[in-house]
Amino acid sequence: MNTHTLHVRPIDDLIEHDTSTEEPNCLCGPTVKPVKQDDGSMGWLIVHASLDGRELV
Ligand SMILES: [Zn+2]
């Protein structure tokens, strides 16, 4: 079964986020969530954190 990995990252963040791999090995320590896709298969959503704390606001 195909799995897909999507990256969600803050725009214009202070650091470069590594969205080139299917592993959550970015500097920011991303959160990985399973997501069900439109075709019913499961994928992974890699949610990158912004280092300036924007998501806490
Ligand atoms: Zn990141």
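See the structure above.
**Points about the coordination of the zinc ion**
- For the zinc ion, the protein coordination sphere consists of H17 (ND1), C26 (SG), C28 (SG) and H48 (ND1), at 1.9 to 2.4 Å.
- With 4 donor atoms in place around the zinc ion and angles of 105 to 113 degrees between them, the coordination shape is tetrahedral.
- You can call C26 buried: its relative accessible area is 7%.

**Re the sheet that holds strand β3 (residues 42-47)**
- Spatial ordering of the open sheet is given by β1-β3-β2, a layout of 3 strands whose pairing is mixed. The sheet is open, and its two borders are formed by β1 (5-8) and β2 (31-36), each paired with just one other strand. The average angle at which neighbouring strand axes cross in this sheet is 25 degrees, direction not considered.

**Quick look at unusual backbone geometry**
- At D12, a residue that is not glycine, the phi angle is positive and equals roughly 60 degrees.
- Mapping D12 onto the fold places it in the loop between β1 and β2.

**Considering the environment of P34**
- Within the secondary structure layout, P34 lies in strand β2.
- Residue classification places P34 among the exposed positions, given a relative accessible area of 53%.
- For the pair P34 and I46, spaced 12 residues apart in sequence, the C-alpha to C-alpha distance is 8.8 Å.
- Not counting chain neighbours up to four residues away, the residues in contact with P34 comprise M42, G43 and W44.

Procedures and definitions
Residues numbered from 1 in each chain as written. Predicted model: local features only at pLDDT ≥ 70, side-chain atom pairs only at ≥ 80, totals over all residues. Heavy atoms only, no water. Donors = N, O, S within 2.8 Å, 3.2 Å for Na, K, Ca; no water. Tetrahedral: all angles 85-135°; square planar, octahedral: opposite > 155°, others 65-115°. Buried < 20%, exposed > 50% of the residue type's maximum accessible area, 1.4 Å probe, protein only. Pairing = 2+ DSSP bridges. Helix = DSSP H or I, 4+ residues; strand = E, 2+ residues; numbered from the N terminus. Axes fitted to C-alpha atoms, helices over the stretch in contact; angles between N-to-C directions. Contact = heavy atoms within 4.5 Å.

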